[in-house]
Structure formats: structure tokens, C-alpha cells
Amino acid sequence: MPRGTLRIYLGAAPGVGKTYAALDEAHRRSERGTDVVIGFVETHGRPRTAAMLHDLEIVPRRTLAYRGGSFTEMDLDAVLARHPKVAFVDELAHTNVPGSRHAKRWHDVQELLAAGIDVISTVNVQHLESLNDVVGTITGVPQRETVPDDVVRRADQVELVDMAPEALRRRMAHGNVYGPEKVDAALANYFRVGNLTALRELALLWLAGKVDDQLDRYRADHGIGGTWETRERVVVALTGGPEGDTLIRRACRIAARGKGADLLAVHVARSDGLTGADPSALARQRALVESLGGSYHQVIGDDVPTALLEFARAENATQLVLGASRRGRLARILSPGIGTTTTSLSGPIDVHMVTHSEAWGHRPAPAGGADAAAHRPARPGWPGWRLPRGRTALEPRRRIIAAGLTLALVPALTAGLAASRGTFNLTTEMLAYLLIVVTVALVGGFGPALLCAVASSLLLNYYFTAPVTEWTIADGDNVLALLGFVLVASLVSRVVSTSARRYEQAVRASAEAATLSVLAGSVLRGEDALPALLARARETFGMTSVTLLERTDDDQVGGGWSPVATIAGTGSDSASGAGPGASQAGDGDGSEIVDIPVRDDLRLVLTGRSLPAADRRILTAFAAQAAVALDQHRLREAAAEAAPIAAADKVRTALLTAVSHDLRTPLAAAKAAVSCLRGYDITLTDDEEAELLATADESLDKLTRLVENLLDMSRLQAGALSVFPRAVGLDDIVPPALDEIGPAANRIGVRVPDDLPDVRADPVLLERVIVNLVTNALRYAPADTPPVITASALGDRVELRVVDSGPGIPVRQRDNVFQPFQRLGDRDNTTGVGLGLALSRGLAEAMGGALTPDETPGGGLTMVLSLPAAPNPTAVTNPITAPLNVPTGPAADDRAG
């Protein structure tokens, strides 16, 4: 059975009309004769959406019981049994009620698709897993229901339902999205113009990424290798040379000319890993690319032009930026070079050749004299033409052994062949000598092999080539044979020497790679990676000490650089005082100073032995990573310093948003009651006057409690709340707390034992905590199951429990209920400002207690207030000020009131 197709309507924000658009598509298919049913639809009470259900078959929902309530979900079995051609299933990210076959509705959709049923569904951008945290940061409302991006990306069709922010706000104001009682709060919070604009951009960018994926699949399926210029993509080729920064910035300017253009940097590494690129330069250039909004890539290839163009075509690039050649004139005459070859093969890809300070062989001398030249990074292809270096990678011991073999084997072979003269012809004798030459070449390389070849040719000429015992050759063919003999010996020895040198380079590259891998691991581990990185550098290079120096504002001699961090070996002197102008610091004990510039304001100084240029190249990578680690450390410190300020700003912003309703409501009620009482043209009965007075009194009491909560929360966050603890009995605190709640507290069960020990607490604050806990329990407890207050002693603590049988709180969200101004992420504050539980925990901790949530057996929430038992009834007269930092991040629970 073929799998069904999935069509998803993606909403940029709630209320843009995705369900309406999806139902309109269902109508169009039904009018064309397609068998369409409604598996599940959520109208949210919107009449226009409900009107779209006319003339469409609706599969009855399934009713499920959960925690004393009944809920309806899509009847998956009924839809499968009906087996329509198309099923409409709303809200793809919805979480099913426990007891359903699948945990998520998108799992139900997958089963329908597997059964061959086409599905039309809807989802909002805030429910996409990859954007969930981003949307939560923008709107301040965390989304608990998500759907994996891959589920939506694998849909056959995704259609964006979009609407301008102003138009959506008008729909909201007209009551077409939410009820009138929620409009003001929604417009002031989630549906602000900035939030809607950001959500709209996220949806457009996410959909653009899916369109890119679809285009790539289409080109791959149809074998299209050419470039389709649907969007500007600029690729810049990096070699690790000093011109890289210029190329990156130039490519960035080219990409900036096109709106939405992509910047990609690529480095082509040789397949044998023996690249001459400077790792520290590549790391710096990678950081520059990423800081400019681009991405860095590395590909493997020995043919650089082919590798570059294959990468550019795979990325559907439209422009390629290359640096002008650094090679000299002779090299350009002998070979066209990478730039020319790439341009000739680029096809529709535009190639930009960017000049730079080192183009065409013009290289300014580096600053720093001989030391700078010693650790100048190797550059691929520079110079473009040069003679082979007169050195070998073989160990001296192997060359000595090869020379010994020459002195032993050549005379022995000559003696043996001379004794059996006439038995072998000249060809056989030459092959015997050639075998010795090859053996010597394999052992000792080019030098000993050449010596062996010359000696063998002379002995062959003297003893075995006519005329014998003379240094002449009668037959011209023998001359060619001897020359060929020497040539073969030389070539074989050259191959052996080159192979040994390549092996040494490979071992060196492998060691460097392992060192850099350990270096990267040192940076990633731990909160403060700089000391670990410097310690790794000291151990790796066997130095006495390693110091990272930073330039200060003081430019006086000896005071221009100050140590940031110093790592010294056991018993060694610290190098923290060393600097560019103090290289004599190590002269007293014979140690040397190695100075590695990192950037204009940073240097890495090592004390100990002298390092070769190859070690300096790896040390430069250490220095670059040290600079990155230092920057990250300072960024973390700055973020930590800014966190309290941000938290305070967030509390103030939430306070202004949250109290708008809670202050206005009691004030309006009290004002209305007093105005009626003062009205001269209104005649009121005694009962009406009493009712108005009671209304005004109740409203003012609510206002008083709200102001007291706000003030106490401010004192808690400022650490200025005074606490006066003394020994008090819970049986003296609970009754007045219930009296303060009013008639609603009459149905609460109280089970506080008479022999319960006293607790050490502030009576006024403890009463406030109990009032808040009981009020919260009353709000969520079922009418037929009132809350219960129990108390018990546990060691040196006394626990007071407020038990309700309401909906309860998931374990992972229990800590969120203590965050102020939040309720499960809902910004609707019509039921309270959301300070009750946050303030209660703060007051409990200020008194030396704790407030923790627990699950009620059978369902519900139990708030456990734990207080220290009083050792004696003596009251403490000295006030205690207990600072407390109450978390103020976004909450995920609506029970914080």
C-alpha cells in the first residue's frame, strides 16, 4: 500500500488563520469529489472557523477519563476504520491525554500516513523543536508542546499562512481570535508588534531552508550539476596565508550586496594530510568568517581547482573569491596556477581574483628580524619554483650501516665473480651489483646508494668489461648499460629518500594533529580553560614556565605589559614579569625566552629551551586558543555580572505588566462602591449600603494584600527583609490565617496535633505563608474535595502540609511554580499577579525553612512547609536580615499565584 501524503499549513503566529486555510483546502478537495473527513479540529470558539465545518463529515471524538475529568481526543481507530482518502487533523504538535495509543498527535498522523491516508494538518512556528527556545526567549512564553523539525520537513507540502502584525492585532482587537476578556492581556504581551514581526521572520527563514532542501533534492534527483542562481552564495577560498583576512572581508562585502546572501569559506587540505597551512591562521580566519555571519568548511583534495569547484557547485554557489597568485614569474610561466585553472573551469560561477600585499611574489619582509623569519608559517606553493633541499630524512645510523654494507658486499661480490669468471655474462653480473645498490638504497638512501653505484660501475668496468683490467670500454652498448645502471640506482635511492622524508612529515603532522586535538579538548573542558591550556603548552614543549601577557594602558618601559595567567613548573621561577622588553629575564640561569605574538594586545611568553620553527608553528595555535579562552572567560564574567541586572529588569518589567489588572480591579470596585455611597441622587437601603461598604472593604483588603506582597518581594530580592523569629505554635498561627481568608476557609480540614512542638519562625511572616498556600490550594482544589492542612514532627524539623486534589504539577515543572509573575508560561493575569508561591518560598527560606512541592496520593499537589523546631520557648529579640535571591526566569506553570 503506498504511503499517504502530508500537507502542513504552517502558521507564523496563533490566529493567522492556518486552520481556516486548511479547512478551505479540505472543502476544495471535497468539492472535486475526494473523500474527506475531519479527524480532529479545534475551533477555539471562533465562529468563522466553526462555519467551515459545514458539509464536511466529522469522525466523532473519543472520550478519555483522566484525574477525575473527561477529555476528548481524535479517535484514531475510527479514522482508520473509515479509511478516507483525506483526513484533516488539526494541531500536529498536540500532546495526547494519557491513555491514548500515542503520546503525540504527530504519531497518530504517522500511523494514518502509513495506512495510505492523505493528511492535512496545521502547526505554528513556535511548536517547531529547533525554534522552541528562540520563540520562548523572544516572547517570554515557553512552549511545552513541540514537534520535531524533521516531521515537518519530510512533509510533501508545507504552506505558510502569514499575516502582517498590524492586521493580526486588528483581528485580535475585533474579537476574532480570543474572547474579549483576554484581548487586552494578549495584545500587551504575546501579540506585541515586535514579537509578531520576529515570529514572522522565523517562519519565513525556516520555510526558506526547507525550500532550499527541496531544491537540492530536485537537482540531485534529476542529475542537475549546474548552478541555479536562486540565491547569492559567495565562496571564499582560504590557504591559511596572511591574505586570508583580506579575502574574507572582500567576500563579505560582495555577499552584503545581495539581501539574504550566504558567505562560505573553504580550505582545501591535501589528502595525505601534509599541508603547509598555518593552523593558527586558519583558526583565526575561521573565527573571522563566523563573526561576519558566514560558515567555515574544509574539504580534502589534491587537485585544488577541482576540489574548489566541486564544493562550490555542491553548495549551488554563484560567486567564488580567490586570492591573486603569490608565485613568481617563472612559476607562472611553467604552470597556469590555481586561479587561472579555476577560472577556466568555473562555468557559470563568477570568479573574483582579489589582489593583496603578497600577490605576484611581492612579499614585504616581516617585522621582527630573524626571529620573525624563523617562525614564519609555511605557505603552500611559495616559492613556486625551487631546488630540492639538500637533506635527507634518514637517520645517520642508517647511512652508516649502508656505507658498511657497501664496503662489505661490493668487494665480496667482486671477488666471487672474479673467481668464477666465464660462468656468468655481463648482464648477470650487472644485475648482481644492481641488487646490492638497491639494498644499500633501501637502507641508507641517496648518498650511500650513489657511492655504491659509482664503486660498482668502476669495478664492473675494470674487472668484467672488455678489455679487462683496464679503465676503458670496447663495446658502446656496455657504456649505455653502465649509465643505465647508475641511473636506476640513483632513482631507486631518490624514491627511498623521498619516502622516508614523507614518512617523517606524516609522523610530524600526526603528532601535531594529536597535540591540537588535545589542545581543543583542554579548551572545551572546564569553566576556566586558560590555566589548563597554558599548563598543557608547558608540558607539551617541556618549558619552565608559560605566561600570557596583555598590553596595559601604561606605555612606560617595563610597565606596558602585565601577566594575565602564569603556569610554572615545580621549583621554577614565575615568568609573569617577562615581556617583550625584558627578554634578559632568563639569562641568569641560562634559560631562553620564546616570545609568540598573539595579537596586538596579547603575547605568549615561554621560558626554558630554544624551540625550532616547527614547534613554534604549533605553539602559535596554542597562543591563538589561549586568546580565545581568555575572551570566553571574560565574556562569562561579564555575563555573570549582568545576570542580576537582567533579572532585576525582568522582574520590574513583569511587575509593570502583571499588576495592571490586579491593581485596577480592586481600585475600580472600591471607587464604584464609594461613589455610589456618596451619590446625592441615589437612595439606598440599609442592606444596599452595607453591601457597598462590604465591597469597598473587601476590595481595599485585596489591594492591601497585593501591595504587601509586592513590597515583601522587593525586600526579598534586595536582601532587606527583616525577620523576627521566635518560638510559636502552629495551633496559634493556623486559625487566624484561615480567618483572614474568609468564608471560603470554612470547608478546609485542619489536622494539627496538640502535642506538636513549637517552631522557630516569625509569626507574621508564617501567617502570610499559610494564607498564600491555602489560597492557592483553594483555587485549584475540586469543589467536592476541599484542601486539608496537616502537620507532623520529623527530627528537628516540623512539617506543615497543605494538601489538595487538583490537577497537580508535572515533576519537571515543579520548581517553576516559585517564579514570580508567571503561571505555566501564561501571561493572563486575570487570576492574580503570580506572587503567592514565589513570596511564600522566599519568606520560608528567610525564616530558615523550606517550601517544596510534592504529589498528593491519588492526584493533586501537596505543598510541604518545613520549619526548624524551637529548642526552647525563649524568643529571639535581635532582628535577622536574611538576603535571598529569588529566581526570576520565565516560568512554566500557572500555579504561581
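Within every chain, residues take consecutive numbers counted from 1 along the sequence as written. Only residues with pLDDT of at least 70 get local features here, since the model is predicted, and only at 80 or more are side-chain atom pairs given and counted; chain-wide, interface and lining totals rely on the full set of residues. Side-chain numbers here rest on the full set of heavy atoms in the structure, without hydrogens or water.

1. Structural notes on the confidence of the model for the protein
Rule in force here: Per residue, pLDDT captures the predictor's confidence, and it can take any value from 0 to 100. Contacts were defined at the residue level, with two residues in contact if any of their heavy atoms lie within 4.5 Å.
For the protein, the average pLDDT comes to 75, and 73% of its residues sit at 70 or higher. Low pLDDT (under 50) marks residues 361-392, which in the prediction has 42 contacts with non-local residues, meaning those over four places away or in another chain.

2. Examining the packing of helix α16 (residues 396-419) against helix α17 (residues 426-444)
Filter applied, for reference: Note on geometry: axes are lines fitted to C-alpha atoms, helical ones only across the stretch in contact, with angles between N-to-C directions running from 0 to 180 degrees. Segments assigned H or I by DSSP are reported as helices when at least four residues long, segments assigned E as strands when at least two residues long, and all are numbered from the N terminus. Roughly parallel means an angle under 35 degrees; roughly antiparallel means over 145; roughly perpendicular covers 65 to 115; every other angle is labelled oblique. In this classification, the charged set is Asp, Glu, Lys and Arg, the nonpolar set is Ala, Val, Leu, Ile, Met, Phe, Trp, Tyr, Cys and Pro, and all remaining amino acids, among them Gly, are polar.
For the pair α16 and α17, interaxial distance at closest approach is 8 Å and the crossing angle is 170°. The pairing of α16 with α17 is recorded here as roughly antiparallel in orientation. Side by side, α16 and α17 meet where R398, R399, I401, A402, L405, T406, L409, V410, L413, T414 and L417 of the first sit next to E429, A432, Y433, I436, V440, L442, V443 and G444 of the second. Looking at the contact of α16 with α17, its residues break down into 13 nonpolar, 3 polar and 3 charged.

3. Re the packing of aromatic side chains
Describing an aromatic ring pair means giving the distance of the ring centres and the angle of the ring planes. So the rule is basically this: The criterion for an aromatic pair is that two Phe, Tyr or Trp rings (for Trp, the six-membered ring) have centres within 6.5 Å, with stacked assigned to planes under 30 degrees apart, edge-to-face to planes over 60 apart and tilted to the rest. Working definition: with a 1.4 Å probe on protein chains only, accessible area under 20% of the residue-type maximum means buried, over 50% means exposed, and in between means partly exposed. Criterion for a charge above a ring: Lys NZ or Arg CZ within 6 Å of the ring centre, and within 35 degrees of the ring normal.
Counted by the stated rule, this structure contains 5 aromatic pairs. With centroids separated by 5.0 Å and ring planes inclined at 80°, the aromatic side chains of Y462 and Y463 adopt a geometry described as edge-to-face. Taking relative accessible area as the criterion, Y462 reaches 23% and is therefore assigned partly exposed. What makes Y463 partly exposed here is its relative accessible area of 29%. Every member of this aromatic cluster is reached through a ring pair, and the members are Y433, Y462, Y463 and F464. Directly above the ring of F40 sits R105, whose terminal nitrogen or CZ lies 3.8 Å from the centroid.

4. Here's the deal with the packing of helix α7 (residues 165-173) against helix α8 (residues 180-188)
Across the interface, α7 lies against α8 with an axial gap of 9 Å and an inter-helix angle of 155°. Relative to α8, the element α7 lies roughly antiparallel. Of the residues in α8, those touching α7 at R169, M172 and A173 are V183, A186 and L187. Within the contact of α7 with α8, the residues separate by chemical class into 5 nonpolar, no polar and 1 charged.

5. Brief notes about the nonpolar core
To be explicit about the condition: Nonpolar core, defined: a set of buried Ala, Val, Leu, Ile, Met, Phe, Trp, Tyr and Cys residues in which side-chain atoms within 4.5 Å join the residues together.
With 62 residues, the main nonpolar core has L92 and V147 as its most contacted residues. Looking at which element gives the most residues to this core, the answer is helix α9 (residues 193-221), with 6 residues. The residues contacting V147, other than those within four sequence positions of it, are L92, A93, W106, V123, H127, L128, E129 and V152.

6. Some words on the side chain of E243
Our working rule: Identification of polar contacts relies on pairs of N or O atoms within 3.5 Å, with a donor-acceptor requirement for protein atoms, meaning one able to donate a hydrogen and the other able to accept it, and with residues adjacent in sequence counted only if both atoms are side-chain atoms.
Here E243 is to be found in the loop between β9 (233-238) and α10 (244-256). For E243, a relative accessible area of 7% gives the class buried. Engagement of the side chain of E243 in a polar contact is seen with the side chain of T239, the distance being 2.9 Å.

7. Some details on a negative patch on the surface
For the record, the criterion: Patch membership requires over 30% relative accessible area and the absence of a salt bridge. Like charges are linked within 9 Å, and nonpolar side chains (Val, Leu, Ile, Met, Phe, Trp, Tyr) within 5 Å. Here the Shrake-Rupley method, with its probe set to 1.4 Å, supplies the accessible areas, and only the displayed protein chains count as covering residues. Salt-bridge detection follows one rule: a side-chain nitrogen of Lys or Arg within 4 Å of a carboxyl oxygen of Asp or Glu. For the purpose of charge, His is not counted, nor are the chain termini; Lys and Arg are scored as positive and Asp and Glu as negative. Note that the charge is assigned to NZ on lysines, CZ on arginines, CG on aspartates and CD on glutamates.
A surface patch of like charges, here negative, comprises D686, D687, E688, E689 and E691. Of note, D687 is situated in helix α22 (residues 686-718). A residue is classified by how much of its surface remains accessible, and D687, at 66% relative accessible area, is exposed.

8. Quick word on a nonpolar patch on the surface
Together, L450, V454 and L458 line one region of the surface with nonpolar side chains, adding up to about 210 Å² of accessible area. For V454, the position within the fold is in helix α18 (residues 446-464). Using a relative accessible area of 38% as the deciding quantity, one classes V454 as partly exposed.

9. What about helix α23 (residues 730-741)?
What counts is decided by this rule: Multiplying 1.5 Å by the helix residue count minus one yields the expected span of that helix. An arc is given here, and it is the one of the directions from the helix axis to the C-beta atoms.
Look at α23: 17 Å from first C-alpha to last across 12 residues, which is about the 16 Å you get at 1.5 Å a residue. Residues of α23 that are buried: L730, I733, V734, A737 and L738. Relative to the axis of α23, the buried residues are bounded by an arc of 125° and lie together on one face. Looking at α23, the residues exposed on the side facing more than 90 degrees away from the buried face are D732 and D739. Where α23 is buried, its residues contact β19 (726-728), β20 (749-751), β21 (759-761), α24 (763-780), β22 (788-794) and β23 (797-803).

10. A short note on the sheet that holds strand β15 (residues 561-568)
What counts here: In short, DSSP must find at least two bridges between two strands for them to pair.
Read across the open sheet, the 4 strands follow the order β15-β14-β17-β16; overall the sheet is antiparallel. Since the sheet does not close on itself, it has two edges, and those belong to β15 and β16 (592-599), each with one partner. On average, adjacent strands in this sheet sit at an angle of 20° to one another, irrespective of strand direction. Pairing of strand β14 (residues 545-551) with β15, which is carried by 7 bridges, proceeds in the antiparallel orientation. In the strand pairing of β15, T547 is matched with T566.

11. Some points on the pattern of salt bridges
For the coordinates displayed, the defined rule picks out 22 salt bridges. Salt-bridge contacts for R101 lead to E111; the nearest nitrogen and oxygen are separated by 2.5 Å. You can see R101 sitting in the loop between β6 (86-89) and α4 (105-114) and its partner E111 sitting in helix α4, a full 10 residues away along the chain. Judged by its relative accessible area of 24%, E111 is partly exposed.

12. A few points about α17
Helix length check: α17 (19 residues) gives 27 Å between terminal C-alpha atoms against 27 Å at 1.5 Å per residue, within 8%. Phi turns positive, to about 85°, at G445, one or two residues after α17.

13. Let's talk about the side chain of Q285
In this structure, Q285 sits in helix α11 (residues 279-291). Q285 has contacts with L238, G240, G241, G244, D245 and I248, leaving out every residue within four places of it along the chain.

14. Remarks on the pairing of β22
Note that β20 and β22 share 3 bridges and pair parallel. The partner of R751 across the bridge, within β22, is T790. Two strands pair when backbone bridges link them, and β22 and β23 are joined in this way by 7 bridges, in the antiparallel orientation. Paired with A791 across the strands is L800, a residue of β23. Counting the residues in the hairpin turn of β22 and β23 gives 2 residues, including G795, whose phi is positive at 65°.

15. Some thoughts on the sheet that holds strand β7 (residues 118-124)
The 6 strands are arranged β3-β2-β6-β7-β1-β8 in an open sheet whose pairing can be described as parallel. The strands lining the two open edges of the sheet, one partner per strand, are β3 (57-58) and β8 (157-161). Lying on the sheet, helix α1 (residues 18-31) is in contact with β1 (6-11), β2 (36-40), β6, β7 and β8; it crosses β7 at an angle near 165°.

16. Considerations on unusual backbone geometry
Even without being glycine, H44 reaches a positive phi, approximately 55°. The topology assignment puts H44 in the loop between β2 and α2 (47-51). Despite not being glycine, H83 shows a phi value in the positive range, around 45°. Here H83 shows up in the loop between α3 (76-82) and β6.

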